[in-house]
Amino acid sequence: MEQTLVILKPNAVQRELIGQLISKFERRGMKITAMKLTRISIETAEQHYKEHRGKDFFEDLLSFITSGPSVIMILESMDAVEIVRSMVGATNPAEAVPGSIRGDYATSPGHNMIHASDSSESVKREIELFFKPEEIQKYRLAVRPWL
Ligand code: IDP
Ligand code: MG
C-alpha cells in the first residue's frame, strides 16, 4: 500500500465542501489514516511550498494557504499518489477535466481547492511536516478484500 498527503485548502473549508471532498476519497476506496483541521503557520507553509520560493505567485500562495483552517489528511491505497493526483486534476482549473476535483469545483490556479503529494519523496517530506508518528492510525478496513 502507498500513502499520500492531501490538503483541503482554506477555500474548501469556507465553501463547506469538506464532506463532499472526503466522500470522493472514501468512495474510491482510500483509507484515511490521519486527519486534522488546522490553520497552517507561515513557517510550515514556506517549508511545504519551498520549491516555489521566488516565483511570482509565492507570496499570494503563502497568504492564501495560511488564511484560515485547512483539512490535512493521509490517504492510503494501491498507487495512492497517482490515483489522488488524477482525482485532483491539473494545477490550473481551466485545464482540469470535468470530474476531477479542480475540474468540478475551481476556476483559478490560486484557489484550486486541494493539494496532493506528487511523488513518493514529497509524501515522506509532507507527512513528516504535518504529522507526528503517533497521529497516524494503523487499522484494517473491513472492506479491504473487496477493493
Ligand atoms: P500542484 O498543487 O498541482 O502540485 P504546483 O505547481 O506544485 O501545483 O503549485 C503549488 C500551488 O501553487 C498550486 O496548487 C496553486 O495553488 C499555486 N500555483 C501554481 N501555479 C500558479 C500560478 O501560475 N498562479 C497562481 N497560483 C499558482
Ligand atoms: Mg505541487
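Please refer to the structure placed before this passage.
The rules behind each value
Residues numbered from 1 in each chain as written. Chains lettered and ligands numbered in written order. Predicted model: local features only at pLDDT ≥ 70, side-chain atom pairs only at ≥ 80, totals over all residues. Heavy atoms only, no water. Helix = DSSP H or I, 4+ residues; strand = E, 2+ residues; numbered from the N terminus. Rg over C-alpha atoms; globule rule 2.2 N^0.38 Å. Buried < 20%, exposed > 50% of the residue type's maximum accessible area, 1.4 Å probe, protein only. Contact = heavy atoms within 4.5 Å. Areas by Shrake-Rupley, 256 points an atom, 1.4 Å probe, with all protein chains shown as cover. Lys, Arg positive; Asp, Glu negative; His and termini not counted. Charge placed at Lys NZ, Arg CZ, Asp CG, Glu CD. 1 Å grid on protein atoms, 1.4 Å probe; cavity = no way out; pocket = protein on both sides within 12 Å on 5 of 7 lines; lining within 4 Å. Points joined across faces, edges and corners; volume = space filled by probe spheres on them. Nonpolar A, V, L, I, M, F, W, Y, C, P; charged D, E, K, R; others polar. Pairing = 2+ DSSP bridges. Near = heavy atom within 4 Å. Polar contact = N/O pair within 3.5 Å; in protein donor to acceptor, adjacent residues only side chain to side chain. Sits in = over half its atoms within 2 Å of the grid points. Phe/Tyr/Trp six-rings, centres within 6.5 Å; stacked < 30°, edge-to-face > 60°. Lys NZ or Arg CZ within 6 Å of the ring centre and 35° of its normal.

K.L.:
I keep staring at the overall build of the protein chain and nothing clicks. Help me out?
P.N.:
Each helix and strand in the protein chain was counted, giving seven helices and four strands. Relative to the 2.2 N^0.38 estimate, which gives 15 Å for 147 residues, the radius of gyration of the protein chain is 15 Å and therefore close to what a compact globule would have. Dimensions of the protein chain along its principal axes, counting C-alpha atoms only, are 45 × 35 × 25 Å. Counting across all 147 residues of the protein chain, residues that qualify as buried make up 46%. A separation of at least 24 residues holds for 76% of the contacts in the protein chain among residues at least 6 apart in sequence. Carbon and sulfur atoms make up 51% of the accessible area of the protein chain, which totals about 8300 Å². Side-chain charges in the protein chain split into 19 positive and 20 negative, and the spacing between the mean points of these groups amounts to 4 Å.

K.L.:
Mind showing me how you'd approach the environment of Leu21 here?
P.N.:
Relative to the elements of secondary structure, Leu21 occurs in helix 2 (residues 18-28). Here the alpha-carbon distance between Leu21 and Pro69, two residues 48 residues apart in the chain, equals 15 Å. Those residues in contact with Leu21 that lie beyond four places of it in its chain are Leu8, Ala12, Ile101, Tyr105 and Met113.

K.L.:
Just to check I follow, could you spell out the layout of surface pockets for this structure?
P.N.:
In this approach, a probe sized like a water molecule rolls over the atoms, and the result shows the empty space that is left. Of the volumes computed, that of the largest pocket is approximately 490 Å³. Together, 23 residues line the largest pocket, and Lys9, Tyr49, His52, Thr91 and Asn112 are the ones closest to its centre. Of the residues assigned to the lining of the largest pocket, the class counts are six nonpolar, nine polar and eight charged. For the second largest pocket, the calculated volume is near 260 Å³. Here the lining of the second largest pocket is built from residues that sort into six nonpolar, two polar and five charged.

K.L.:
Can you help me understand the pairing of strand 1 (residues 2-8) in this one?
P.N.:
With five of seven residues buried, strand 1 lies mostly within the body of the structure. Summarising the sheet, strand 1 and strand 3 (residues 70-77) pair through seven bridges and their orientation is antiparallel. Its bridge partner lying in strand 3, Gln3 is registered against Glu76. Examined bridge by bridge, strand 1 and strand 4 (residues 114-116) share three bridges and lie antiparallel to one another. By the bridge assignment for strand 4, Val6 is matched with Ala116.

K.L.:
Explain the site of ligand 1 here, please?
P.N.:
Looking at ligand 1, the residues that line it are Lys9, Tyr49, His52, Phe57, Leu61, Arg85, Thr91, Arg102, Pro109, Gly110 and Asn112. A distance of 2.9 Å is found between an oxygen atom of ligand 1 and a side-chain nitrogen or oxygen belonging to Arg85. Asn112 has a polar side-chain atom sitting 2.9 Å from an oxygen atom of ligand 1. Protein contacts shield 75% of the accessible area of ligand 1, which totals 520 Å² for the unbound molecule. Of the pockets mapped on this structure, ligand 1 occupies the largest pocket. Grouping the amino acids of the shell around ligand 1 by side-chain chemistry returns four nonpolar, four polar and three charged.

K.L.:
Would you mind showing me how to read the packing of aromatic side chains here?
P.N.:
To describe a pair of aromatic rings, you give the distance between the ring centres and the angle between the ring planes. In the structure shown here, the tally under the stated rule is zero aromatic pairs. Note that Lys31 overlies the ring of Tyr139, its terminal NZ or CZ placed 5.1 Å from the centroid.

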